[in-house]
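Structural overview
The lines below spell out each chain.
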Amino acid sequence: MKRVAPPSIDRFSRYLFPAMVVVLSGLLYLNAIGNGFVYDDNVYVESDPTIRHLGNIWKALTSTALDPNVSSAVPSNYYRPLVPITYMLDYRIFGMAPWGFHLTNILFHALNSLLVYLIARKLFNKRNLALAAGLLFASHPIHTEAVAWIAIVLDVGCAFFLLLAFYLYMGEGKAWVRLPLSALAFFMALLYKETAVIFPLLLVSYEFLIRRGAKGYGLKAALTVYPAVALAYLAVRLHVLGGFAPLPNPDAYLSGYRILINSVYLLMRYLWMLVFPVDLNAFHTLVPALSALDPRFIISAAAFCAMFVVWMTVGKMDRFTAFAFIWVVLPLLPTMYLLKVFGGEIWNIFCERYLYLPSFGFVLFVSYAGGRLHEGLSRNPRGRAVVPAVFLAILFLYSAQTVLRNRVWRDNVTLYADGLEKSPGVALLHNNMGFEHLMNGRLGEAEAEFAAALRLDPKYEKAYFNLGLVYMKARDWERAGRYLETALGIKSYYADTYTNLGIVYLRLGRVDDARASFMKALEINPGEGLARKYLDEIYYGNETFEGLKPPGGFRTLKR
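Residues numbered from 1 in each chain as written. Predicted model: local features only at pLDDT ≥ 70, side-chain atom pairs only at ≥ 80, totals over all residues. Heavy atoms only, no water.

**Notes on the overall build of the chain**
Counted only if it meets this: Helix and strand definitions here come from DSSP, where helices need a minimum of 4 consecutive H or I residues and strands a minimum of 2 consecutive E residues; each element is numbered from the N-terminal end. Relative accessible area decides the class of each residue, using a 1.4 Å probe on protein chains only: under 20% of the type maximum gives buried, over 50% gives exposed, and in between gives partly exposed. Between two residues, a contact is recorded if the distance between any of their heavy atoms is within 4.5 Å. With residues, only the protein chains shown are counted as cover, and all accessible areas are computed by Shrake-Rupley using a 1.4 Å probe.
Within the chain, the regular secondary structure consists of 26 helices and zero strands. In the chain, which comprises 559 residues, the proportion classed as buried is 53%. Here the analysis covers contacts within the chain between residues at least 6 apart in sequence; of these, 72% occur between residues at least 24 apart. Looking at the chain as shown, the accessible area adds up to about 25400 Å², and 64% of this sits on carbon and sulfur atoms.

**Observations regarding the packing of aromatic side chains**
Heads up, the rule is: Centres within 6.5 Å make a pair out of two Phe, Tyr or Trp rings, where for Trp the six-membered ring is used; the pair is then stacked when the planes are under 30 degrees apart, edge-to-face when over 60, and tilted otherwise. Two thresholds decide whether a charge sits over a ring: the Lys NZ or Arg CZ must be within 6 Å of the ring centre and within 35 degrees of the ring normal.
By the definition in use, this model includes 33 aromatic pairs. A ring pair is formed by Phe124 and Phe320, whose centres lie 5.3 Å apart and whose planes are at 70°; its orientation type is edge-to-face. Residue Phe124 is located in helix H5 (residues 98-124), and its partner Phe320 is located in helix H15 (residues 319-329); the two are separated by 196 residues in the primary sequence. Relative accessible area serves as the criterion here: at 15%, Phe320 is assigned to the buried category. Residues Phe124 and Tyr368 carry aromatic rings whose centres are separated by 5.4 Å and whose planes lie at 20° to one another, so their mutual orientation is stacked. Remark: Tyr368 occurs in helix H17 (residues 358-377) and Phe124 occurs in helix H5; sequence separation between them is 244 residues. With respect to burial, Phe124 and Tyr368 carry one shared label: buried. By way of ring pairs, the aromatic residues Phe166, Tyr169, Phe186, Phe199, Tyr206, Tyr226, Phe323, Trp327 and Phe360 are connected into one cluster. Here Arg269 stacks its cationic end above the ring of Phe350, 4.5 Å away from the centre of that ring.

**Concerning the pattern of salt bridges**
As a reminder, the rule being used: The term salt bridge refers to a pairing of a side-chain nitrogen on Lys or Arg with a carboxyl oxygen on Asp or Glu at a separation within 4 Å.
Taken as a whole and assessed by the stated rule, the structure comprises 15 salt bridges. For Arg410, the salt bridge is made with Asp411, and the minimal N-O distance between the two is 3.6 Å. Judged by relative accessible area, Arg410 falls into the partly exposed class, the value being 43%. For Arg479, the salt bridge goes to Asp476, with nearest N and O atoms at 4.0 Å.

**Structural notes on a nonpolar patch on the surface**
Cut-off, in case you're wondering: Two joining distances apply to patches: 9 Å for like charges and 5 Å for nonpolar side chains (Val, Leu, Ile, Met, Phe, Trp, Tyr), and every residue must have over 30% relative accessible area and no salt bridge.
Taken together, the side chains of Trp176, Val177, Leu181 and Leu184 make up a nonpolar region of the molecular surface, amounting to roughly 430 Å² of accessible area. With respect to the helices, strands and loops of the structure, Trp176 is situated in helix H9 (residues 175-192). On the accessibility criterion, Trp176 (64% relative accessible area) is exposed.

**Details of the nonpolar core**
As a reminder of what qualifies: We call a set of buried residues a nonpolar core when its members are Ala, Val, Leu, Ile, Met, Phe, Trp, Tyr or Cys and they connect through side-chain atoms within 4.5 Å of each other.
In this structure, Leu123 and Phe186 are the most contacted members of the largest nonpolar core, which totals 169 residues. Tallying contributions element by element places helix H8 (residues 153-170) first for this core, with 13 residues. Apart from residues no more than four positions distant in its own chain, Leu123 is found in contact with Met170, Tyr206, Ile210, Phe320, Phe323 and Leu364.

**Some points on unusual backbone geometry**
A positive phi is found at Tyr39, a non-glycine position, where the angle reads about 50°. Within the fold, Tyr39 resides in the loop between helix H1 (7-27) and helix H2 (41-46). Although it is not a glycine, Arg475 adopts a positive phi angle of roughly 60°. Structurally, Arg475 is set in the loop between helix H22 (461-473) and helix H23 (477-490).

**Considering H5**
Counted only if it meets this: Here, expected helix span is obtained from the residue count minus one, scaled by 1.5 Å.
Over its 27 residues, H5 extends 39 Å from the first C-alpha to the last, a length consistent with the 39 Å expected when each residue adds 1.5 Å. Downstream of H5 by one or two residues, Asn125 has phi in the positive range, about 60°.

**Details of helix H18 (residues 386-408)**
Look at H18: 34 Å from first C-alpha to last across 23 residues, which is about the 33 Å you get at 1.5 Å a residue. Within the sequence span of H18, burial applies to Val387, Phe391, Leu395, Tyr398, Ser399, Thr402, Arg405, Asn406 and Val408.

**Description of the packing of H17 against H18**
Formally: Geometry is summarised by axes, namely lines fitted to C-alpha atoms with helices restricted to the contacting stretch, and by angles between N-to-C directions that run from 0 to 180 degrees. Angle categories are assigned with fixed cut-offs, so that under 35 degrees is roughly parallel, over 145 is roughly antiparallel, 65 to 115 is roughly perpendicular, and the rest are oblique. Under the grouping applied here, Gly and all other residues not named as nonpolar or charged are polar, the nonpolar ones being Ala, Val, Leu, Ile, Met, Phe, Trp, Tyr, Cys and Pro and the charged ones Asp, Glu, Lys and Arg.
Running from N to C, H17 and H18 cross one another at 155°; their axes reach a closest spacing of 9 Å. With respect to H18, the axis of H17 lies roughly antiparallel. Counted together, Phe362, Gly370, Leu373, His374 and Leu377 of H17 and Val386, Val387, Pro388 and Tyr398 of H18 form the full contact between these two elements. A per-class count over the contact of H17 with H18 returns seven nonpolar, two polar and no charged.

**A look at the packing of helix H21 (residues 443-456) against H22**
Threshold: Less than a right angle of anticlockwise turn of the near helix away from the far helix marks a crossing as left-handed, whereas a clockwise turn marks it as right-handed.
Put simply, H21 and H22 touch, their axes get as near as 9 Å, and they point 160° apart. Between H21 and H22, the angle is such that the two are roughly antiparallel. Viewed along their axes, H21 and H22 form a crossing whose handedness is left-handed. In contact with Leu443, Ala446, Glu447, Phe450, Ala453 and Leu454 of H21, H22 contributes Ala463, Tyr464, Asn466, Leu467, Val470, Tyr471 and Lys473.

**With respect to the confidence of the model for the chain**
Applicable threshold: Confidence of the predictor at the level of single residues is given by pLDDT, which spans 0 to 100.
Per-residue pLDDT for the chain has a mean of 84; in total, 85% of the residues score no lower than 70. Per-residue pLDDT stays below 50 along residues 543-559; that stretch engages in 55 contacts with residues further than four places along the chain or on separate chains.

Quick look at the structure:
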């Protein structure tokens, strides 16, 4: 006979369980609030003047996600307008205090953990399984990159609106109220990140596997309303970008055949990281496989086939397992496009933040499978404590690793040092660590890091640019000019490069060249104040430039 909890306990757990999920998700990231701006935060938050005025909301909605230092003539593959709008709201509330921006990411994560609990509660109709799913999602260390890194508000924001859209879709009540709100949430998710476009497929899988053809507006909406929302988003995206993803990568060299091979390997590596979130790294390296005879592909393909056989066998009997598996895999499929975009970059293909939304399917599976196992073991008095004990051990390990990992995101030096220890072959890491040395006046160490970056990637224009800054600080104007000109020969659409080259030309007495360089910088970025200052000196000041001070700050794009 099935035991039923007393009404008082049932009411107590109704409020206690979701509160536990929210509290844990906040507590685990308390030590991230004191972290600073790191990596892309320095460019897209700290140094971007557009986020300091709410009047730029319309500009964010109607333009690409380009850094202001880059020419607007350069195409972009990003249309994520809610990201800069979120920064604008953060700045309006918190100013430029990093803790405020971190708080936003943590609040998103807490809300997402709560939604995971609420969705699991509806799916399983068991609060203990929903609690397990919510706590696992709140504590999973794979989320630290998305939550502790301010710039990745795009992933936590997208997940919030997508989970909200799903919760509203599956909820009870008047469909004419729920479905429009759900569709609106879906559109908001798309404005955070384009990978949300897979949502209609998730709804179809939910209708067939969970609802099993139940009457109502659900399946009709999944096949009509939500695809229409996705098409509306794509129309806006095409209008703003001038294409779906118009920015080509000349270094991408993978053919369709090789993309397929590496997609299998990449997918299995993501699944492995969900199960065993160890050796976390913001700069994972992935050297693409070039042949189907590559052992990585063979092992991955064998593992994938085994999983598919299990899914076909178990999934027909167990709809929740099949649904959870689909929720893991579908959100990962858009990331396979990166094999085409970043095929020549070993460090920018496999990223932990891409697992933020797929991890929802993973925690659903773990909590559901654990519940089934617990039911089986509970028939034996000695087995009742096995699953709870294992769950608490996993929760403790997850929580401890999350807290420890947050420390790595404290500042650029700790982040890059951790990356260099685990991925020493990434040129970007040497370049970025060199920049930190440069900003702290350690010119010899900076020069060594930039040289290391160029040994790994001889066409890395940012390393040439930064070597130019090293020699500017050393007042070796001839060498500085050569490196800056080399950087421009590789990529000629960064305003900072023209600004600094103009300063070098002034020191060399090449006033006409300096004027042209400053004007080019202002053409790219009209807000480039340093270029305007020196240009004003050329036209209105002392043309001997003996009284001009050397520039006080040297900047670069570190992404």
